[in-house]
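# Descriptive structure summary
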Amino acid sequence: MSARPFSSRFLLGGDLPVKRIGFGALQVSSHGWQGPPRDPHAGRTVLRRAIELGVDHIDTADYYRSGDESVAANDLIRQALSPYPPELAIAVKVSPAFGPGGVWETPDGDLRSQVRANLRSLGVDRLDLVYLRAGTTSVPHGQSLAAEFEVLAELREAGLIRHLGLSNIDVGHLTEARAIAPVAAVQNHFQVTERSEDAVLAACEDADIAFVPFFPLGGHRTDHTAALADIADRHGATPTQIGLARLLALSPVTLAIPGTGSVAHLEENMGAASIVLTDEELAELGR
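Okay, so let's go over this structure. (Residues numbered from 1 in each chain as written. Predicted model: local features only at pLDDT ≥ 70, side-chain atom pairs only at ≥ 80, totals over all residues. Heavy atoms only, no water.)

### Description of unusual backbone geometry
For the bond from Ser82 to Pro83, the omega torsion is 0 degrees, close enough to zero to count as cis. Position of Pro83 among the secondary structure elements: in the loop between α3 (73–81) and β6 (89–94). The phi dihedral of Gln34 is positive, around 50 degrees, even though this residue is not glycine. Looking at the element boundaries, Gln34 is found in the loop between α1 (26–29) and α2 (40–52). The backbone phi angle of Asn168 is positive, close to 65 degrees, even though this residue is not glycine. Here Asn168 is to be found in the loop between β8 (161–167) and α6 (171–178). Relative accessible area serves as the criterion here: at 3%, Asn168 is assigned to the buried category. (Helix = DSSP H or I, 4+ residues; strand = E, 2+ residues; numbered from the N terminus. Buried < 20%, exposed > 50% of the residue type's maximum accessible area, 1.4 Å probe, protein only.)

If you want it as structure tokens, here you go:
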């Protein structure tokens, strides 16, 4: 049977090498989105273990905080990992629609202030990757992001940002942004069993832009559950690991940033990097 190998690394922006499985930091500070706070010591332990396991790409945001704002992901990252390993890339998100206290507001947020807040909370002079997050839970089709992206492009020219990204966008947004400044990565909601983001993924492939899905393993169709379990048994793996391996096999530009507040779950996720699926197994999974 033929296998579907994948490169273990990707060059963000053409010059920043990262492994294709990184770590999403949302859950180190809280149980779910702005839920009850996690034990900060446990969060720092997970982050240090991630580095021990070879993670060199962490995805976070200054607004990744517990509901009572007592625990913040960026603070835990700084406390656990600073001074940072030279190979570590930290990506953050800012949004023109995200206001104080976790409230989504009209697009009048101060992006410069958000960038400075991330610099401050992480304790760095330059951010490796900054995503402009558009809208709330749905892509704002037809809405221009040019003015907001121009702000981040200016901060990049000033040396505060190394690479720029986009989140929750469509192909039109990507085309619009690339006319202003280079785009290194796109972070959209994406599941392999659905095809709604195929056009964005194809555009990223054409331009060698990283495609970094969030929640890529949620909502597998029930007709794929048995295949996932069966293939996992063959590899001595878990269905989650097969799901991550499948994501990486989908395209040479896909990156995975699974998040967790558990060391055991972290170790399970990182184990997916060694799994190579055959073409036949990918066909069984439906894509």
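### With respect to the sheet that holds strand β5 (residues 57–60)
Read from one edge of the open sheet, 7 strands run β4-β5-β6-β7-β8-β9-β10, paired in parallel fashion. The sheet terminates laterally at β4 (23–24) and β10 (210–211), the two strands that pair on one side only. Judged from the 4 bridges that link them, β6 and strand β7 (residues 127–133) form a sheet pairing that is parallel. Bridge pairing in β7 places Val94 opposite Leu132. (Pairing = 2+ DSSP bridges.)

### Things to note about the environment of Leu285
Along the chain, Leu285 falls in the segment after α11 (279–284). For Leu285, a relative accessible area of 0% gives the class buried. When the C-alpha atoms of Leu285 and Ile242 are compared, they prove to be 9.9 Å apart, with 43 residues separating the residues in sequence.

### A look at the packing of aromatic side chains
The geometry of an aromatic ring pair is captured by two quantities: the separation of the ring centres and the angle between the planes. Applying the stated criterion to the full structure yields 4 aromatic pairs. Arranged with centres 6.2 Å apart and planes meeting at 80 degrees, the rings of Trp33 and Tyr63 form a pair that is edge-to-face. Taken together, the residues Trp33 in the loop between α1 and α2 and Tyr63 in the loop between β5 and α3 connect sequence positions 30 residues apart. Overall, the relative accessible area of 11% leaves Tyr63 in the buried class. Here the aromatic rings of Phe190 and Phe211 are separated by 5.2 Å at their centres, their planes lie at 90 degrees, and the arrangement is edge-to-face. With Phe190 in the loop between β9 (185–187) and α7 (198–207) and Phe211 in strand β10, the pair connects residues that are 21 residues apart, well separated along the chain. (Phe/Tyr/Trp six-rings, centres within 6.5 Å; stacked < 30°, edge-to-face > 60°.)

### Remarks on helix α4 (residues 111–122)
Taking 1.5 Å of rise per residue, 12 residues should cover 16 Å, and α4 covers 17 Å from first to last C-alpha, within 8% of that figure. Within α4, burial applies to Leu111, Gln114, Val115, Ala117, Asn118, Leu119, Ser121 and Leu122. If you follow the buried residues of α4, they end up packed against α3, β6, β7, α5 (146–157) and β8. Within two residues after α4, Gly123 carries a phi angle of roughly 70 degrees, on the positive side. (Expected span 1.5 Å × (residues − 1). Contact = heavy atoms within 4.5 Å.)

### Some details on the pattern of salt bridges
Under the definition given, this model contains 12 salt bridges. Among the salt bridges present, the one from Arg162 reaches Asp15, with a minimum N-O distance of 3.6 Å. Here Arg162 is found in strand β8, whereas its partner Asp15 is found in the loop between β2 (9–12) and β3 (16–19), with 147 residues between them in sequence. Classification of Asp15 by relative accessible area gives partly exposed; the value is 40%. Measuring nitrogen to oxygen at the nearest pair gives 3.5 Å for the salt bridge that ties Arg156 to Glu157. Glu157 gets classed as exposed once you look at its relative accessible area, which sits at 64%. (Salt bridge = Lys/Arg side-chain N within 4 Å of Asp/Glu carboxyl O.)

### Some details on the environment of Asn74
Here Asn74 shows up in helix α3. Residue classification places Asn74 among the buried positions, given a relative accessible area of 1%. Sequence spacing of Asn74 and Arg120 is 46 residues, and the spatial spacing of their C-alpha atoms is 9.2 Å. The residues contacting Asn74, other than those within four sequence positions of it, are Thr60, Ala61, Asp62, Asn118, Ser121 and Leu122. Among the polar contacts listed, one links the side chain of Asn74 to the side chain of Ser121, at a separation of 2.9 Å. (Polar contact = N/O pair within 3.5 Å; in protein donor to acceptor, adjacent residues only side chain to side chain.)

### Overview of the pairing of β2
Judged by which residues are buried, β2 turns out to be one-sided: Phe10 and Leu12 face inward and are buried, whereas Arg9 and Leu11, on the alternate face, are not. As paired elements, β2 and β3 share 4 bridges and run antiparallel to each other. The residue bridging Leu11 from the neighbouring strand is Pro17, located in β3. Adjacent in sequence and paired antiparallel, β2 and β3 are bridged by 3 residues, among which Gly13 carries a positive phi angle near 65 degrees.

### Concerning α6
When we look at burial in α6, the residues that qualify are His173, Leu174 and Ala177. An end-on view of α6 places all buried positions within 100 degrees of arc, on one side of the element. A side-chain oxygen of the first residue of α6 lies 3.1 Å from the backbone nitrogen of Gly172; this N-cap is Asp170. (Arc of directions from axis to C-beta.)

So far we have only geometry, and geometry alone does not tell us how the molecule works.
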